[in-house]
Amino acid sequence: MASVIAALLSFWTIAYVARHQPVVVQLCISGVIIALSIVRSSERRAEPEPLPRWATWAARFLMIPLVALLGSAIGRVVQTDAALGFALIGVPLVAAVWVRRFGPAWTRIGTLWSFPFIAALVTPAAALAAGGGVWWGALAALIAVAWGSALGAATQWVAARRAPERAVPARFENRRSRSGAERKLLPSTRMSLHLALSLAAAIVLGWWLLPDHLGWLVLTAYLVNSGNRGRGDVVYKGIQRLIGAGVGTVVATLLGTLYAPGDSTALVVLFIILGIGAVLRPVSYAWWAAAMTGGLALLYDYLGQGGTGLLGQRLLAILIGGLIAIAASCLIAPVRSIDVVRRRTADLLSLGSAVLTGDRSAEEYVALAAEARVATARVEQLAPPFHALRIVTLGRVAVARRTADLVDRAAALGAGLERFVAAPSRELGAELGGELRGLREVLVSLRRD
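This structure is a prediction, so every number in the text was calculated from the model and none was measured.

Structural notes on the overall build of the protein
Line of reasoning, step 1. Within the protein, the secondary structure is distributed over 19 helices and zero strands.
Line of reasoning, step 2. With 449 residues in all, the protein has 52% of them scored as buried.
Line of reasoning, step 3. For the protein, contacts bridging at least 24 residues in sequence account for 81% of all contacts bridging at least 6.
Line of reasoning, step 4. Summed over its atoms, the accessible surface of the protein is roughly 20,000 Å², and 65% of this surface lies on carbon and sulfur atoms.

What about the packing of aromatic side chains?
Line of reasoning, step 1. A full pass over the atoms with the stated rule returns five aromatic pairs.
Line of reasoning, step 2. Between the aromatic rings of Phe11 and Phe271, the centroid separation amounts to 5.4 Å while the plane-to-plane angle is 75 degrees, which identifies the pairing as edge-to-face. Of this pair, Phe11 sits in helix H1 (residues 2-17) while Phe271 sits in helix H12 (residues 265-280), and the two are 260 residues apart along the sequence. The residues Phe11 and Phe271 share a single accessibility class, namely buried.
Line of reasoning, step 3. Above the plane of the ring of Tyr16 lies Arg19, whose end atom (NZ or CZ) is 4.3 Å from the centre.
Line of reasoning, step 4. Here the basic side chain of Arg101 rests over the ring of Phe102, its NZ or CZ set 6.0 Å away from the ring centre.

Here we look at unusual backbone geometry
Line of reasoning, step 1. Within the chain, Ala333 stands out as a residue other than glycine whose phi angle is a positive 40 degrees.
Line of reasoning, step 2. Position of Ala333 relative to the elements: it lies in the loop between helix H14 (311-331) and helix H15 (337-356).
Line of reasoning, step 3. Here Ala333 falls in the partly exposed class, since its relative accessible area comes to 29%.

Concerning the packing of helix H11 (residues 231-256) against helix H17 (residues 383-392)
Line of reasoning, step 1. Between H11 and H17, whose axes approach to 9 Å, the crossing angle comes to 75 degrees. By the angle between their axes, H11 is roughly perpendicular relative to H17. Contacts between H11 and H17 involve Gly232, Asp233 and Tyr236 from the former and Pro384, Pro385 and Ala388 from the latter.
Line of reasoning, step 2. Grouping the amino acids of the contact of H11 with H17 by side-chain chemistry returns four nonpolar, one polar and one charged.

Looking at the nonpolar core
Line of reasoning, step 1. Formed by 121 residues in total, the largest nonpolar core has its most connected members in Ile34, Ile64, Phe86, Ile89, Leu121, Val218 and Leu413.
Line of reasoning, step 2. Here this core gets eleven residues from one element, more than from any other, and that element is helix H2 (residues 24-43).

Reading the values: the criteria
- Residues numbered from 1 in each chain as written.
- Predicted model: local features only at pLDDT ≥ 70, side-chain atom pairs only at ≥ 80, totals over all residues.
- Heavy atoms only, no water.
- Helix = DSSP H or I, 4+ residues; strand = E, 2+ residues; numbered from the N terminus.
- Buried < 20%, exposed > 50% of the residue type's maximum accessible area, 1.4 Å probe, protein only.
- Contact = heavy atoms within 4.5 Å.
- Areas by Shrake-Rupley, 256 points an atom, 1.4 Å probe, with all protein chains shown as cover.
- Phe/Tyr/Trp six-rings, centres within 6.5 Å; stacked < 30°, edge-to-face > 60°.
- Lys NZ or Arg CZ within 6 Å of the ring centre and 35° of its normal.
- Axes fitted to C-alpha atoms, helices over the stretch in contact; angles between N-to-C directions.
- Parallel < 35°, antiparallel > 145°, perpendicular 65-115°, else oblique.
- Nonpolar A, V, L, I, M, F, W, Y, C, P; charged D, E, K, R; others polar.
- Core = buried A, V, L, I, M, F, W, Y, C linked by side-chain atoms within 4.5 Å.

Purely geometric stuff here, so don't read any function into it on its own.
As structure tokens, then:
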């Protein structure tokens, strides 16, 4: 909900400051996307923060507005040549994935510089046509960064009050398999390749088949590919995004018929939809996908580019974009989900051995417990696709069944390690030692798959 509040505050602040500018709609849209992205990135607690807090804030307030200048300029190109404009937007988005190879700090920086380009990708062409100076884009980004950072910091403060967080040495973050295949093509390289091919195919097919809805197709291809953790995760999230986006588009398009273009009531409904999506996001990502895509459909209706006559073409664009992204991630140098599970489980097992062996100071145990908490969360992130596959196949696919069991046992081990650090005992240590050995055996068996 904090992300929606930040988006709402950014929207009304930018609308007031730039109320006399013809480009005000574009600026408001850009600010909303940047504010949403900043708060969402602050809410992800599974990963340790790779940069000092001051460096993160400095990067936000300096880099995002500067990058927004370039994003605004490229946005103008979309209006005159949509295919070229979206191609120019895609280059920095692909680069933001590729730089992950250099470690967590570059991953964080790449995430930050991608926000303005995502905003340019989402902004409808009708808003881009309004014209205006690109410097207003930097000002809108600065306002959004301020509100997003403030609400993100408030969210982190509330989370810290509920469960105090300690510094986490991210020593296992750069752990990589050194197999021959891994050395030839790192996961970051593969994922950037998937995104590049997806965006290129979406632009070409969209320009050929659905030139008036090219933005919907390219945006879907990007969303399905972004933040994936292997091809299983891409398929699982892709299906959720396709279902959610389809339902959200249908509902929002029908709602849009109730309002005339330019009716501000549509904007109120838009934020209500975003709020519902934010509340229901923990239940399923499909709800957030429905809210975001539905909000975008309402925005098009507000700008006079809506109507039920366009519904079929929008749904077709979403379907094609999603299928392109899934195909690229599954068929071209795929990152196997089971490999990601093995690597992250191995990280957790290494930490478990460190916790259960040797005498350490209280400070060292605290640091190990914090690392175990992060490692456990990273394993738990991988569970949903395997659980879904186990349910769909009625448990008849051995790899899916064993991997889902492995993830569940690893999560239980992580919780046990935290209990052991808080209150060490010989009985619990023996129990966790047996669980470590059992997990290692399962891990060895999965290497044959």
